[in-house]
Each structure stands twice: as structure tokens, then as C-alpha cells.
Amino acid sequence: MLLRLPTSVSEAQEYLTQGAVPIGGATLVWATWQRDGFPDHAMSLRDLPEANTIEPEALGAAVVLNRIDDRVPEVLRRAASTVGTGAVRRTATVGGNIVGSTLRCLLPAALVLDARAVILEPEGVTETDLAEVLAKRHLLLSLRWRTPIASNYVKAAAEPGGPSPLVVAAALHSADSDGDGNANANANANANGNGTLLRVAVRSEDEVFSENAVCHGDTDATLRALRDGSLGRLPAPAWELVGRQVTGLLAHPVDH
């Protein structure tokens, strides 16, 4: 297998058109390749500057998880710290976890940040939403978002041999700083005079649910609004954890 290490976007585009298979830390695909055979050409973005950024509102896809620090919001930092073992976090990448993994521990965190995906295609660099990246398995260059007011993340203890552990992520946003894809939610938040929007995402038994609610200053009302949406399908233990996380976030709305 020939491993390509592009140092520019144009070089990475060229390798894509030649059929190079993108890889991150290869923590997930290596065993499959050993069993089924290695591709002729693979490509890692570990030397591409655009894929290695760590900023308050951006995170590169080639960043290994143990490099994620307090430059990014708490929800992403905590999500990365719960993935696998220390050895896994030293090799697993942001892009591999979100696009290549079925567990996708970072996905709920990215969803509550309303993150946009910067992707690389043979035609060039474009920006799209996470749903399209997951559906079409685009080559992720980076994630971009706007800084939340506060955020949090929790992963429940895993049961041996059981389903993927329950994950709850939440972030509180100023409506004025929210993305364009939620104009109705923004308008509602501003109309109610509070100007804050709560986003919650939950991974429960390998399925990810997400919901938004305008905050009126009443935690119980906010929780009812969340439960009236897709989070109402959650089993009782998952909903209890959502309630604790949301209550804690609204009581102490400061990112750490």
C-alpha cells in the first residue's frame, strides 16, 4: 500500500482523483484491511495544515483526539476525552471518529454546536452540514461553529457486552450567533426576549437524537419543549440523564 501525505489542498485533490482511500488514524480500518486486503493507495491528511487546526471555532479532521484542549468548547473537549483508551486517543482522529466510526462519540458534541463541515472533493473545498457528510461519507477537512455561551457532555458507564454507552451533549447559544439553518428558532428566541437557544443531542443504543428549545428562564418549560420533539422517544434512563444535564447547564451557564 502506498500512503500519500499531501501538504496542500491541491495535492490532496490530485490524490483523490487518483483513487487514494482517505484514512485517519486507521484505528478502525486496519483490522479490516488485514482481513480483506489493503488498498493500492491511501491518503492521510496528517501533514495538511487545513486539517490540523485547533481554534476556538474550528477543529481539523486530522487532529488526534488527545490534542483537543481548552481552545475548543467544553462539550468537544469532554467528548474527545471519553473515547477509548489513552492509546486510542493518541491515534484516533476527529474525522475518523465522526465519519469512519459507528460509535461517533464526537457527533453529539458537534451537533449541539451546530457545526458545519468543511469537506474536500475532487472539484474543490466546500462547506456542508453534518447530515450530508454522514450520508455520503465525504472527506472531512474540518469542523466550524460559533462559540456557545456554555456547553456540557456526559457519557454513561458502558455495560460489558452491552450497547454503546449513553451520551448526552448540550449547548446554550445566543440566538444572534446561531447558524443560518435555524432561522425559525432564532426568531422565536428573540421574540420571547430571552435570546438563548438550547441544543441537545443524545446517542442512545447507536441512534442519535437531537432537539432544540428556546429558553424562557423556566427549566421545566424548556425540558417539556425538548420532550415534545424527537427526545420524547428516548427511554426513561436516557431522559433522566438529559434532565440532569440540562438543569445543570441552565443553572450555571458558563463554559469552562
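Residues numbered from 1 in each chain as written. Predicted model: local features only at pLDDT ≥ 70, side-chain atom pairs only at ≥ 80, totals over all residues. Heavy atoms only, no water.

Asks: An account of the nonpolar core is requested, with residue identities and associated values reported.
Replies: Counting residues in hydrophobic clusters, the biggest one holds 36 residues, and the most contacted among them are Leu59, Leu65, Ile68, Val94, Leu143, Trp145 and Tyr153. Only helix H3 (74–81), helix H5 (94–100), helix H6 (107–112), strand S6 (116–121), helix H7 (130–136), strand S8 (139–144) and strand S10 (167–174) provide two or more residues apiece to this core. Those residues within four positions of Leu143 in sequence are excluded, and the remaining contacts are Glu57, Ala58, Leu59, Val94, Ile98, Ala110, Ala115, Arg116, Ala117 and Leu130. If you look at the next biggest cluster of nonpolar residues, it comprises 21 residues, including Leu172, Val200, Ala213 and Val246. (Core = buried A, V, L, I, M, F, W, Y, C linked by side-chain atoms within 4.5 Å. Buried < 20%, exposed > 50% of the residue type's maximum accessible area, 1.4 Å probe, protein only. Helix = DSSP H or I, 4+ residues; strand = E, 2+ residues; numbered from the N terminus. Contact = heavy atoms within 4.5 Å.)

Asks: Provide a residue-level description of the side chain of Asn52, including the pertinent values.
Replies: Note on placement: Asn52 falls in the loop between strand S3 (41–44) and strand S4 (54–55). At 3.2 Å, the side chain of Asn52 forms a polar contact with the backbone oxygen of Leu45. At a separation of 3.1 Å, a polar atom in the side chain of Asn52 contacts the main-chain carbonyl oxygen of Arg46. In this structure, Asn52 is in contact with Leu45, Arg46, Asp47, Gly60, Ala62, Val63 and Arg67, ignoring residues within four places of it in sequence. (Polar contact = N/O pair within 3.5 Å; in protein donor to acceptor, adjacent residues only side chain to side chain.)

Asks: Just give me the short version of the sheet that holds S6, but keep the residues and values in it.
Replies: The antiparallel open sheet is built from five strands, whose spatial order is S4-S5-S8-S6-S7. Looking at which strands have only one partner, the edges of the open sheet turn out to be S4 and strand S7 (124–129). Note: S6 against S7, six bridges, orientation antiparallel. Across the sheet, residue Glu121 finds its bridge partner in S7, namely Gly124. Along the sheet, helix H1 (residues 9–17) contacts S6, S7 and S8; its crossing angle with S6, the most-contacted strand, is approximately 60°. (Pairing = 2+ DSSP bridges. Axes fitted to C-alpha atoms, helices over the stretch in contact; angles between N-to-C directions.)

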